[in-house]
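# Structural characterization, general
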Protein chains: 2
Amino acid sequence: MNRMRIGDLTERAGVTQRTVRYYESIGLLPSGEREGNGHHYYTEETVTRLQKIDQLKKIGLSLEEIRDVVELYFTDTSGVQPKRKVLGILRRHLADTDQKLEALGLFRSDLQSNIERFERWLEANEGD
Amino acid sequence: MNRMRIGDLTERAGVTQRTVRYYESIGLLPSGEREGNGHHYYTEETVTRLQKIDQLKKIGLSLEEIRDVVELYFTDTSGVQPKRKVLGILRRHLADTDQKLEALGLFRSDLQSNIERFERWLEANEGD
DNA sequence: ATATAATATGACGTTAACGTCATGTTTGCA
DNA sequence: TGCAAACATGACGTTAACGTCATATTATAT
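Residues numbered from 1 in each chain as written. Chains lettered and ligands numbered in written order. Predicted model: local features only at pLDDT ≥ 70, side-chain atom pairs only at ≥ 80, totals over all residues. Heavy atoms only, no water.

The name an unreviewed UniProt entry gives chain A is MerR family transcriptional regulator, with Cohnella ginsengisoli as the organism.

### A word on the overall build of chain A
Threshold: Helix numbers and strand numbers start at the N terminus; a helix is a DSSP run of H or I with at least 4 residues, a strand a run of E with at least 2. Two things to know: the radius of gyration comes from C-alpha atoms, and the globule rule equals 2.2 Å times the number of residues to the power 0.38. Categorising residues by exposure relies on relative accessible area from a 1.4 Å probe, with only protein chains included: less than 20% of the type maximum marks a residue as buried, more than 50% marks it as exposed, and the intermediate range marks it as partly exposed. Accessibility throughout is a Shrake-Rupley quantity obtained with a 1.4 Å probe, and a residue counts as covered only by protein chains that appear here. The charge count treats Lys and Arg as positive and Asp and Glu as negative. His and the chain ends do not count. Working definition for charges: the position is that of NZ of Lys, CZ of Arg, CG of Asp or CD of Glu.
For chain A, the helix and strand inventory stands at five helices and two strands. Since a compact globule built from 128 residues should have a radius of gyration of about 14 Å, the 22 Å found for chain A marks it as more spread out than a globular shape. Dimensions of chain A along its principal axes, counting C-alpha atoms only, are 75 × 40 × 25 Å. Within chain A, buried positions represent 34% of all 128 residues. Put simply, chain A shows about 7700 Å² of open surface, and 45% of that area lies on carbon and sulfur atoms. Counting 20 positive and 22 negative side-chain charges, chain A places the centres of these two groups 7 Å from one another.

### Concerning the relation of the copies chain B and chain A
Rule in force here: Only residues with pLDDT of at least 70 in both copies count here: their C-alpha atoms drive the least-squares fit that superposes the copies. Contacts: residue pairs with any heavy atoms within 4.5 Å of one another.
For the pair chain B and chain A, the superposition axis carries a translation of 0.0 Å, the fit reaches an RMSD of 0.1 Å, and the rotation angle comes to 180 degrees. The superposition operator between the copies reduces to a two-fold rotation axis. Ranked by how close their C-alpha atoms come to the rotation axis, the residues of chain B are headed by leucine 101 of chain B, at 3.3 Å. A share of 100% of interface residues in chain B that are also interface residues in chain A marks the association as one of identical surfaces.

### A closer look at the packing of aromatic side chains
Put simply, the rule reads: Aromatic pairs are defined between Phe, Tyr and Trp rings, using the six-membered ring for Trp, whenever the two ring centres lie within 6.5 Å; interplanar angles under 30 degrees are classed as stacked, those over 60 as edge-to-face, and all others as tilted. We call a charge positioned above a ring when the Lys NZ or Arg CZ atom is no farther than 6 Å from the ring centre and deviates by at most 35 degrees from the ring normal.
Using the criterion set out here, one finds two aromatic pairs over all chains in the structure. Residues tyrosine 22 of chain A and tyrosine 23 of chain A carry aromatic rings whose centres are separated by 6.3 Å and whose planes lie at 45 degrees to one another, so their mutual orientation is tilted. A residue is classified by how much of its surface remains accessible, and tyrosine 23 of chain A, at 6% relative accessible area, is buried. Across from the ring centre of tyrosine 41 of chain B, 4.3 Å away, lies the NZ or CZ of arginine 3 of chain B, which sits over that ring.

### Details of empty space enclosed by the protein
Formally: Computed over the protein atoms alone on a 1 Å grid, cavities are sets of points where a 1.4 Å probe fits but cannot get out and pockets are open sets with protein on both sides within 12 Å along at least five of seven lines; a residue lines them when it has an atom within 4 Å of a point. Grid points are joined across faces, edges and corners, and a volume is the space filled by probe spheres set on the points. Three categories are distinguished: nonpolar for Ala, Val, Leu, Ile, Met, Phe, Trp, Tyr, Cys and Pro, charged for Asp, Glu, Lys and Arg, and polar for the others, with Gly belonging to the last.
For the coordinates displayed, the defined rule picks out one cavity of 30 Å³ or more. Counted as a void, the largest cavity has a volume near 40 Å³. Considering the residues around the largest cavity, the lining is formed by Ile59, Leu61, His93, Asp96, Thr97 and Lys100 of chain A together with Leu104 and Phe107 of chain B. It is helix H5 (residues 80-125) of chain A that contributes the most residues to the lining of the largest cavity, four residues altogether. Across the lining of the largest cavity, the residue classes tally to four nonpolar, two polar and two charged.

### A closer look at the domain arrangement of chain A
In plain terms, the rule: Note that the domain bounds were set by an automatic or database domain assignment.
For chain A, the assigned domains read domain 1 (1-59) and domain 2 (76-128). Taking only C-alpha atoms, the centre of domain 1 of chain A and the centre of domain 2 of chain A are 30 Å apart.

### Overview of the interface of chain B and chain A
Many structure descriptions define interface size as the accessible area lost when the parts assemble. For clarity, the cut-off: Joining two parts hides part of their accessible area as seen by a 1.4 Å probe, and the buried area is that hidden amount summed over both. Salt bridges are counted wherever a side-chain nitrogen of Lys or Arg sits within 4 Å of a carboxyl oxygen of Asp or Glu. Whenever a nitrogen or oxygen atom comes within 3.5 Å of another N or O atom, the pair is scored as a polar contact, on the condition that within protein one atom can donate a hydrogen and the other can accept it, and that pairs from neighbouring residues in sequence are kept only if both atoms are in side chains.
Counting residues at the interface gives 37 residues for chain B, matched by 37 residues for chain A. Roughly 3800 Å² of surface becomes buried between chain B and chain A when both sides are summed, with 75% attributable to carbon and sulfur atoms. Broken down residue by residue, the surface that chain B buries against chain A is led by Leu104, Phe107 and Phe118 of chain B, which jointly contribute 17%. Residues arginine 91 of chain B and glutamate 119 of chain A are paired through a salt bridge, measuring 2.5 Å at the closest nitrogen-oxygen approach. Connecting chain B to chain A are five residue pairs in polar contact (both at pLDDT 80 or more). Among the elements of the structure, helix H3 (44-59), helix H4 (63-74) and helix H5 (80-125) of chain B are those that each provide at least two residues to the side of chain B that touches chain A. In terms of residue count, H5 of chain B provides more of the side of chain B that touches chain A than any other element does, 28 residues in total. Its residues assigned to classes, the side of chain B that touches chain A comprises 19 nonpolar, six polar and twelve charged.

### Thoughts on the environment of threonine 19 of chain B
As for its placement among the helices and strands, threonine 19 of chain B is situated in helix H2 (residues 17-25). Along the backbone, threonine 19 of chain B and leucine 50 of chain B are 31 residues apart, and their C-alpha atoms lie at a distance of 9.8 Å.

### What to know about the packing of helix H4 (residues 63-70) of chain A against H5 of chain A
All names here are of chain A. Defined as follows: The angle between two axes is taken between their N-to-C directions and runs from 0 to 180 degrees, where each axis is a line fitted to C-alpha atoms and a helix contributes only its stretch in contact. Roughly parallel refers to an angle under 35 degrees, roughly antiparallel to one over 145, roughly perpendicular to one between 65 and 115, and oblique to any angle outside these ranges. Here a crossing is called left-handed whenever its near helix is offset anticlockwise from the far helix by less than a right angle, and right-handed whenever the offset is clockwise.
Two elements in contact, H4 and H5, have axes separated by 10 Å at closest approach and are oriented at 130 degrees. As far as their axial angle goes, H5 and H4 are oblique. You can see that H4 and H5 cross each other, and the crossing is left-handed. On the side of H4, the interface is formed by Glu65, Asp68 and Val69, while H5 contributes Ile89, Leu90 and His93. Per-class residue counts for the contact of H4 with H5 are three nonpolar, one polar and two charged.

If you want it as structure tokens, here you go:
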């Protein structure tokens, strides 16, 4: 189904209309083409774009950070200068990500050892 | 230096007074003992507690989530019932953490491959 | 043709995690 | 003893990421 209006778009992408309009307002989503009437029309790409945004949000990126990288998945970024810029952004995000991964890993083993400690205690102190 | 007032505390922990008072107000930090005058007094433990909170924040936990787990590092949680409760919380956080780790890992390799793609393009299209 | 559903736009409300005054009391030092 | 620096408390302000009306126009089913 190509060329849908906001109702179908939000249903397929699992977001609210408010979210779509908010994203349009901050330039995260290109505001769909409008006909003679005031209505906006969207395509399949808008759906996948919204889904991609959702993925990146779950990772913990802010909408501003997402705006930096999401273009990458949907445009051709021609020219040397833009490509260099995107490359810089990507490298920064990679460094950030590695830090987060490390911190999360430490937290995980912290959790793990605490869990084991509690389990041992409970096993020792009652018949369960 | 044990038994300090808020000025030293915030300097050592690298947070503002507002932050300390906010944490006290939401029960994340025990509000330091007060003398006859209205002043609060804190100890070394408060410093390390603030630092622990900061670590957990960097991982992406909300203050509410932190309140759930931070006690663990500073109290004895005696009794079987409380221990069971904490154990439940820990297990939930472990599952959350594993999900985040997986998502972050995927994002990382996504970034990585994009970076390589851009690098190859730049190498091919100019002498650098 | 008309009632109902869908859309557009604007404005105010909300939560988290504090920042920033304003005002009043306490402490520490010359 | 006097006075600037430190502290306490209260209230209003701020940003992100939307939620929730209210109102007006357009689309659609009967």
